[in-house]
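Chain by chain, the residues run as shown.
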Amino acid sequence: MNLALADIRHRLGRFLMTCFGLSLLMAVALAMVGIYQGVVAEALALSRSLRADLWVVEQGTRGPFAESSRIPGDVRAIVARVPGVAEAGAITLRTAEAKAPQGILRMQVIGHEPGRPGGPSAIEAGRGLGGARFEMVVDARARLPLGATVELGGDRYRVVGLTRGLVASGGDPLAFVHLRDSQDLQFKLTPPAARRALAAGAGAGSTDTVNAVVARLHADADPDAVAETIRRWKHLAALTDAEQGEILTRSVVQRARVQLGMFTVVLLFVSAVIIALIIYTMTMDKLREIATLKLIGAPDRTIVGLVLQQALILGGAGYLTATAVVFASRGLFPRAVALGPAEIAMMAGVIGLICLFGSLVSIRAALAIEPQQALGG
Amino acid sequence: MTARITLEGIGKTFGAGETALRALDGVDLAVQPGEVVGIKGPSGSGKSTLLNIVACILEPTDGRLLIDGQTVWDGRYRVADLRRLRRERIGFIFQFHNLLPFLDATDNVALAMTLAGVDAAEARARARGLLDYLQIGRRAAAMPARLSGGEAQRVAIARALANRPSIILADEPTAALDSERARVVMDLLRQVAQDRQTAILVVTHDEKIFDRFDRMVALRDGRIEQDRRRAA
Ligand SMILES: Nc1ncnc2c1ncn2[C@@H]1O[C@H](COP(=O)(O)OP(=O)(O)OP(=O)(O)O)[C@@H](O)[C@H]1O
Ligand SMILES: [Mg+2]
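The notes below deal with the structure included here. (Residues numbered from 1 in each chain as written. Chains lettered and ligands numbered in written order. Predicted model: local features only at pLDDT ≥ 70, side-chain atom pairs only at ≥ 80, totals over all residues. Heavy atoms only, no water.)

Check the secondary structure of chain B and you find 6 helices and 10 strands. Here the C-alpha atoms of chain B give a radius of gyration of 17 Å, agreeing with the 17 Å that 2.2 N^0.38 yields for 232 residues. Projecting the C-alpha coordinates of chain B onto the three principal axes gives extents of approximately 55 × 40 × 40 Å. Relative to its 232 residues, chain B shows a buried fraction of 54%. A separation of at least 24 residues holds for 70% of the contacts in chain B among residues at least 6 apart in sequence. Accessible surface, chain B: about 9,900 Å² in total, of which carbon and sulfur atoms supply 45%. The positive charge centre, built from 34 side chains, and the negative charge centre, built from 30, are 3 Å apart in chain B. (Helix = DSSP H or I, 4+ residues; strand = E, 2+ residues; numbered from the N terminus. Rg over C-alpha atoms; globule rule 2.2 N^0.38 Å. Buried < 20%, exposed > 50% of the residue type's maximum accessible area, 1.4 Å probe, protein only. Contact = heavy atoms within 4.5 Å. Areas by Shrake-Rupley, 256 points an atom, 1.4 Å probe, with all protein chains shown as cover. Lys, Arg positive; Asp, Glu negative; His and termini not counted. Charge placed at Lys NZ, Arg CZ, Asp CG, Glu CD.)

As structure tokens, this is what we get:
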């Protein structure tokens, strides 16, 4: 017979209530880990989806995500001719508010040329951009159906394709449009004074401006070497995809990450204290039983086993419920809750450790119980 | 014949210096196999202290304790040895049965055996045998909370008998029972002592069972005031 299980069965109602309460706490901690991972995953989603080996941006910037970057559109052709580069595509990036049937929709608009790097790697429904103007491929997060019409900078765009999981680092859905359309949009959304200056041919020059050129390399090319070559051009900087990923996670979402990380740590700490208290109460409730066990000669390992097993059963049952709760409800979160087997396993390990350490105080207390206490008076 | 329990000049002082309290002083006692000995005395006379010393959960300040002729507390004993000694040689019966509330009657008895290394299936079978022997077999599957006081005390006796102990120690075993049931429990203990040559030491205030002892030891201020055998 297993004493830990028998005792739990004896007070099943109470145990289940405790487990349930604990599981909600763990669910919050687990969701926090998921949200943390989600922020990182979403920050990388765009650059991953574009499958760029190299990002060519304005000199002195770490664009186009961390800082704004503007380069002439003809840079694309230059980059495409650099040895080692297989193909190159120009992109523009800007956040904009669109009028959608369901209301104002904030999105990150990406202009690219169909057939060149810069478009989404996978289309979930519908098709990619074709040759026609004012078409849009948007992420499912925008909750727009295929065929919907969206108004952007005074033009009406038609949704022809949907992607999944493509959001900007702030959580806004990505919308892909034709580079030409996006450059028009750029012009229309520029403040009137600057626009007048542009139209007069002064200042920065033409409207053929893009924010970055993404390049894919030949399989045998060394990204660092190619980046080095491009950096020799005036006005240009080049970032490898690894560097871009680093910037995205380190710089763009750094504060959000640290904030979420801190909060996760606080939650785990609170969970640890609560778990330790619950285990302590469970143990002290059995003071007389433990004294009796000692009196009739139960060895210490029986007592330790009782406390420890109950702690682990409590933690395990709570965590299972927590996982179920999080997976059942993660669609309700506005941003991705990214939990893979690695996160689930890591949290299981953390909870296991918390239970283990949480039982230490109780085990000490249980071992200190005198067998005399069973005899009473 | 070796005495089951031998106390030689047992003394116990609680605390030290000004506040030192002499709870037992020069107690000599030998209990033979099959003997049922009652210990009575006013409150604070040292009854529980004496029982705790024999139970090997309290170390005497002076004197010698022997169980089955072997000296306990001679400096070589460790906590684990004492636990084994309690497991294998001593059965306990309490005022309130002290059954584990989360195990049924059979498992409460079987637990004592599994702690002593008997395998679970055999322990349960033997536990049922013991419950039958104590005429409580029909309640074998009941949880302690569902047992009456007298039934629970019989299950507790079965548990005390689980490992065929040399001695059984009981602290006020009948205090929670009416006189009818108290007598039944005492008769059971007498029968056990007879059948198994167990020495039974019972601390009690309960006058209605005084006639159930072979021998009555009266304590006062930590000393044996009277040690009277019942005329056979
Ligand atoms: N752990 C202890 N520390 C200090 N003094 C103790 C301790 N245990 C018992 N005593 C004292 O030793 C004396 C004998 O106590 P004991 O418990 O043996 O009496 P008793 O005969 O069992 O009394 P009662 O009938 O009330 O149970 C008492 O004066 C008691 O206060
Ligand atoms: Mg007492």
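Having seen the structure, we can now continue with the description.
Further remarks concern the nonpolar core. Of all hydrophobic cores here, the largest spans 90 residues; its most connected members are Leu7(B), Cys56(B), Leu65(B) and Leu201(B). At 14 residues, the largest contribution of residues to this core is made by helix H2 (residues 12–50) of chain A. In this view, Leu65(B) contacts Ile5(B), Thr6(B), Leu7(B), Ile10(B), Ile53(B), Val54(B), Cys56(B), Gln70(B), Thr71(B), Val72(B) and Trp73(B); residues no more than four positions away in its chain are not counted. Formed by 41 residues, the second largest nonpolar core is a distinct cluster that contains Ala110(B), Met113(B), Ile136(B) and Leu189(B). (Core = buried A, V, L, I, M, F, W, Y, C linked by side-chain atoms within 4.5 Å.)

To continue, consider the pattern of salt bridges. Applying the stated criterion to the full structure yields 36 salt bridges over all chains. For the salt bridge of Asp184(A) with Arg133(A), the shortest nitrogen-to-oxygen distance reads 2.6 Å. Residue Asp184(A) is found in helix H4 (residues 179–189), and its partner Arg133(A) is found in the loop between strand S5 (125–126) and strand S6 (135–139); the two are separated by 51 residues along the sequence. When its relative accessible area of 35% is taken as the criterion, Arg133(A) is described as partly exposed. A salt bridge links Asp211(B) to Arg212(B), with the nearest nitrogen and oxygen atoms 3.3 Å apart. Residue class for Asp211(B) comes out partly exposed when judged on its relative accessible area of 32%. By sharing partners, the salt bridges in this structure join Asp7(A), Arg11(A), Arg14(A), Asp285(A) and Lys286(A) into a single network. (Salt bridge = Lys/Arg side-chain N within 4 Å of Asp/Glu carboxyl O.)

A few words now on empty space enclosed by the protein. Across all of its chains, the model carries 2 cavities of 30 Å³ or more by this definition. Each pocket or cavity is described by its volume, and for the largest cavity that value is around 90 Å³. Elements supplying a minimum of two residues to the lining of the largest cavity: helix H2 (79–89), strand S6 (90–93) and helix H5 (149–161) of chain B. If you tally residues by element for the lining of the largest cavity, the top one is S6(B), at 3 residues. When the residues that make up the lining of the largest cavity are grouped by side-chain class, the tally is 6 nonpolar, 2 polar and 3 charged. Roughly 30 Å³ of volume is contained in the second largest cavity. Lining the second largest cavity, in full, are Ile279(A), Met282(A), Thr283(A), Lys286(A), Val307(A), Gln310(A) and Ala311(A). For the lining of the second largest cavity, the elements supplying multiple residues, two or more each, are helix H8 (254–284) and helix H10 (300–329) of chain A. Its residues assigned to classes, the lining of the second largest cavity shows 4 nonpolar, 2 polar and 1 charged. (1 Å grid on protein atoms, 1.4 Å probe; cavity = no way out; pocket = protein on both sides within 12 Å on 5 of 7 lines; lining within 4 Å. Points joined across faces, edges and corners; volume = space filled by probe spheres on them. Nonpolar A, V, L, I, M, F, W, Y, C, P; charged D, E, K, R; others polar.)

Here the focus is the site of ligand 1. Residue and element names in this part refer to chain B. All residues in the neighbourhood of ligand 1 are listed as Phe 14, Leu 21, Ala 23, Pro 42, Ser 43, Gly 44, Ser 45, Gly 46, Lys 47, Ser 48, Thr 49 and His 205. Here an oxygen atom of ligand 1 and a backbone polar atom of Gly 46 are 3.1 Å apart. Contacts to ligand 1 include Lys 47, whose side-chain N or O atom sits 2.7 Å from an oxygen atom. Against a free-state accessible area of 630 Å², the protein chains account for coverage of 59% of ligand 1. At the level of secondary structure, the elements contributing two or more residues to the shell around ligand 1 comprise strand S2 (21–31) and helix H1 (47–54). Per-element accounting of the shell around ligand 1 gives the leading share, 3 residues, to H1. Considering only residue class, the shell around ligand 1 consists of 4 nonpolar, 7 polar and 1 charged. (Near = heavy atom within 4 Å. Polar contact = N/O pair within 3.5 Å; in protein donor to acceptor, adjacent residues only side chain to side chain.)

Now for the layout of surface pockets. All names here are of chain A. By volume, the largest pocket is sized at about 390 Å³. Along the wall of the largest pocket there are 17 residues; nearest its centre are Arg 141, Arg 164, Gly 165, Arg 335 and Ala 336. With 4 residues, H2 is the single largest residue contributor to the lining of the largest pocket. For the lining of the largest pocket, the class distribution of residues is 7 nonpolar, 3 polar and 7 charged.

Next up on the list: the pairing of strand S4 (residues 62–67) of chain B. With 5 bridges connecting them, strand S1 (residues 5–14) of chain B and S4(B) associate as antiparallel partners. Within S4(B), the residue paired with Glu8(B) across the bridge is Arg64(B). (Pairing = 2+ DSSP bridges.)

Attention shifts here to the packing of helix H3 (residues 105–115) of chain B against H5(B). All names here are of chain B. Two numbers describe how H3 lies on H5: the axes approach to 8 Å, and their chain directions differ by 25°. Here H3 lies roughly parallel to H5, going by the angle between them. Where H3 crosses over H5, the two elements pack in a sense that is right-handed. Note on element contacts: H5 touches H3 through Val 155, Ala 158 and Arg 159, opposite Ala 105, Asn 108, Val 109 and Ala 112. (Axes fitted to C-alpha atoms, helices over the stretch in contact; angles between N-to-C directions. Parallel < 35°, antiparallel > 145°, perpendicular 65-115°, else oblique. Left-handed = near helix turned anticlockwise from the far one by under 90°.)

Moving on, we get to the sheet that holds strand S8 (residues 199–203) of chain B. All names here are of chain B. Reading across from one edge, S6-S7-S8-S3-S9-S10 is the order of the 6 strands in this open sheet, with mixed pairing throughout. Both outer strands of the open sheet, S6 and strand S10 (223–229), are each paired with one neighbouring strand and no more. Direction aside, the axes of adjacent strands within the sheet are offset by 20° on average. As judged from the 4 bridges shared by strand S3 (residues 36–40) and strand S9 (residues 215–220), these two strands associate in the parallel manner. Along S9, the bridge assignment pairs Lys 40 with Ala 218. With respect to the sheet, H1 is in contact with S3, S6, strand S7 (167–171), S8 and S9, its orientation differing from that of S7 by roughly 150°. Those strands touched by helix H6 (residues 179–196) are S3, S6, S7 and S8, and its axis lies near 135° from that of S3.

Residue and element names in this part refer to chain A. A surface patch of nonpolar side chains, amounting to about 470 Å² of accessible area, comprises Leu 312, Leu 353, Leu 356, Phe 357 and Leu 360. Among the elements that take part in the nonpolar patch, helix H11 (residues 341–368) stands out by supplying 4 residues, more than any other. Looking at the secondary structure, you find Leu 360 in helix H11. On the basis of relative accessibility, which here comes to 44%, the residue Leu 360 falls in the partly exposed class. (Patch = residues over 30% accessible without salt bridge, like charges linked within 9 Å, V, L, I, M, F, W, Y side chains within 5 Å.)

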